[in-house]
Every structure is written in structure tokens, then in C-alpha cells.
Amino acid sequence: MTPPSYLTGLVGSGIGPSLSPALHEREADRHGLRLLYRTLDLDVLGGGPESADRLVRAAHAVGFDGLNITHPCKQLVIQHLDALAPEAEALGAVNTVVFAGGRSTGHNTDVTGFAQSFARGLPGAPTDRVVQLGAGGAGAAVGHALLTLGTDRLTVSDADPDRAGALADALNRRFGPGRAAAAALSGLPAVLAGADGLVHATPTGMAAHPGLPLPAALLRPDLWVAEVVYRPLETELLSRARGLGCRTLDGGGMAVFQAADAFRLFTGHEPHTEDMLDDFAALAAGPAQ
């Protein structure tokens, strides 16, 4: 009997080094499934973020079963979908699209992905006051995850102050007044001085966007630092933080747990998460593409 087959992919910018294809295809092999996972890189195909809708429609038309969506398309793609799952609608960001019954439905597995990674990688870390850099699609998911995990006060900062304010407002509507606030980048020294931890949720540090997202002088040993970027796994931010003695969390766990949840949505099969974590470790130890 021919095993079930699936055609899936990833839409985003600068995604050549992504480990998602290998993670999904290896997991499919364990289930005896045929799954092909392709990258649809805006930088390679031409066109900016606004062309994501064209790619999603084209993928649907040619028979894809689903897509993952990453920077910078997680929010832009929403208006081009037929429906949103409750979590994606609450976040205003989509990282997974499922095509079924002639319809496209947006989901978000980043929230559970980050929450599971944080619980596993930083057990017992204090979360009374947390500062988050980045209010885009990944930032929206991380913000919701942090407040779900019990953060009392989340301060969001972004290069676009309006975007930071909008995310803080959305978080307060969902979790209650006063749980989140926006701060200008110029205000980071003050808010970080009283924070338990820092979460970085911007593209800075990725292979295509190297560098530090904030002055290294703002880090201190008793501040835990969590990263969303996973390629490279050791970003400059994490390297500096570890050098100071900070507890750190790389972006690998979030990448795996969100991929596992997406795999479940694509195929209906329960993922072997521990095996996927092992796959990731082996893949990440290899050379960057």
C-alpha cells in the first residue's frame, strides 16, 4: 500500500539555512509517511513581503497540504486566508497554514512552542518582570506565551513604537489591564535594570542579520536571556550573555516544539518530540548553509 503523501513548505525571507525541511521530513519517515517540504524564499524568488499572498495562493492551487510562515510574513498573510484558528486570531499572527476542503486556515504554533521550550530550558526562572525586544509576529506569540506562563509585567520594545504599543494593548485586553506596557528603545536601560529576564524576538542575530539587538552593557549576570533566533544557535546576544554568567535559552527548543505542533496539523499524526529534539541537535551541529 502506498503511504500517505504530503506537500508542505516554508514561506519567508532569508530562509535558506532553515532546518524545518529536515525536521519535518525526518519525522515523516518515522511515521512511514511521504512528506516533501520545500522552502519558498522571498529573497530567491523575488518580490518583497507583499508577495507572500501570491505564494500562498499558488501553493494552495498546486496542491500543497500546508505551509509554515516566518519573518516577515506572519502578520501580512492573515488577510489572504479563509479562516483563522482562535489562537492565531487572538495573536494577529500566523506561522502555519493548513489547506483542506478548498479552504486555507491560519494557525499559530509559536505560542506553545516558546512556552514548552521555556519550561524545559529555564525551569524555575523568575518571571515577575520581563522585557521583550520585538513586537512582530514572533514577538506577539512570545508575549502571549510569557503572560500565559505567569509573567506579572511584560515590557515590550520595538523599533516601531506603534507596533510595540499595539501589542501591549492587545495583551492587556486578553490578560487584564497592567500586564503589559510598551517602552521606547531609548528606555531599555531603565526597564532592564529592574527586570528578571530578557526575551529577544527580532531577526537580529540571524545569519542574514548579524549583530546585537541592544548594547551589551545592558546585560548583567542575574538577568536570564532567551532567544528566538536559532540559526545560528549561538547568536552574539547569547554569547555575550553566557560570558557574563547569565542563564540562557537558545531558539532551538521553540523551533522544534512549534515544528512538532505544525507537523500534527499538517498530517494528523502525533509527533515524536524527543526524537525531533535529537534531530535538531544533530542538524544544528552541522555547518550553517
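See the structure above.
As a starting point, this report considers the structure included with it. All of these numbers come straight from a predicted model, not from anything done at the bench.

**Section: the packing of aromatic side chains**
How two aromatic rings sit relative to each other is given by the distance of their centres and the angle of their planes. Counted by the stated rule, this structure contains three aromatic pairs. Between F114 and F118 the ring centres are 5.9 Å apart and the planes differ by 40 degrees, which places this aromatic pair in the tilted class. You can see F114 and its partner F118 sitting in helix α5 (residues 110-121), four residues apart, about one turn around the helix. Comparing F114 with F118 shows no difference in burial state: the two are buried. Counting every residue linked through ring pairs, the aromatic cluster contains F114, F118 and W224.

**Some points on the pattern of salt bridges**
Under the defined criterion, the tally for this structure stands at 13 salt bridges. Each of R26, E27, R30, D275 and D279 takes part in a single network of salt bridges with overlapping partners.

**Observations concerning unusual backbone geometry**
Note: most peptide bonds trans; most residues except glycine with negative phi. Omega for the peptide link from H71 to P72 comes to 5 degrees, which places this bond in the cis form. Cis peptide bonds are those with omega within 30 degrees of zero, and the linkage from R231 to P232 qualifies with 15 degrees. Examined against the element boundaries, P232 turns out to sit in the loop between β11 (224-227) and α9 (236-244).

**Re the sheet that holds β11**
The strand order β9-β8-β7-β10-β11-β12 describes an open sheet built from six strands, whose pairing is parallel. The outermost strands of the open sheet, each flanked by one partner alone, are β9 (180-182) and β12 (248-249). Summarising the sheet, strand β8 (residues 153-157) and β9 pair through three bridges and their orientation is parallel. Paired with L154 across the two strands is A180, which belongs to β9. Seen against the sheet, helix α7 (residues 161-175) touches β7 (129-133), β8 and β9 and runs at an angle of roughly 165 degrees to β9.

**Observations concerning the nonpolar core**
With 31 residues, the main nonpolar core has F114, V199 and W224 as its most contacted residues. Looking at this core, the elements that each hand over two or more residues are α5, α6 (137-149), β8, α7 and β11. A total of seven residues in this core trace back to one element, the largest contributor, which is α6. One finds A59, F64, V77 and V97 within the second-largest nonpolar core, a separate group that totals 17 residues.

**Notes on the pairing of β7**
Put simply, side chains in a regular strand alternate between the two faces of the sheet. By the criterion of burial, β7 is predominantly enclosed, with four of the five residues buried. When β7 meets β8, the two strands line up parallel, connected through five bridges. Looking across to β8, one finds that V130 is bridged to L154. Each parallel crossover has a hand, and for β7 linked through α6 to β8 it is right-handed.

**Considering helix α10 (residues 252-267)**
Three or four residues apart is the spacing at which side chains of an α-helix point the same way, because the helix has 3.6 residues per turn. End to end, α10 covers 22 Å across 16 residues, agreeing with the expected 22 Å (1.5 Å per residue, within 8%). Counting buried positions over the 16 residues of α10 gives 14, a clear majority of the element.

**Structural notes on the layout of surface pockets**
In this structure, the largest pocket spans a volume of roughly 970 Å³. In terms of lining, the largest pocket is formed by 48 residues, of which the most central are T70, H71, K74, A138 and M206. Taken as a whole, the second largest pocket encloses approximately 210 Å³ of empty space. Looking at the second largest pocket, it is lined by 15 residues, and the ones nearest its centre are R120, D250, G252, G253 and L277. For the lining of the second largest pocket, the secondary structure elements donating two or more residues are α5, α10 and α11 (273-284).

Rules used throughout
Residues numbered from 1 in each chain as written. Predicted model: local features only at pLDDT ≥ 70, side-chain atom pairs only at ≥ 80, totals over all residues. Heavy atoms only, no water. Phe/Tyr/Trp six-rings, centres within 6.5 Å; stacked < 30°, edge-to-face > 60°. Helix = DSSP H or I, 4+ residues; strand = E, 2+ residues; numbered from the N terminus. Buried < 20%, exposed > 50% of the residue type's maximum accessible area, 1.4 Å probe, protein only. Salt bridge = Lys/Arg side-chain N within 4 Å of Asp/Glu carboxyl O. Pairing = 2+ DSSP bridges. Contact = heavy atoms within 4.5 Å. Axes fitted to C-alpha atoms, helices over the stretch in contact; angles between N-to-C directions. Core = buried A, V, L, I, M, F, W, Y, C linked by side-chain atoms within 4.5 Å. Right-handed = clockwise from strand over helix to strand, strands pointing away. Expected span 1.5 Å × (residues − 1). 1 Å grid on protein atoms, 1.4 Å probe; cavity = no way out; pocket = protein on both sides within 12 Å on 5 of 7 lines; lining within 4 Å. Points joined across faces, edges and corners; volume = space filled by probe spheres on them.

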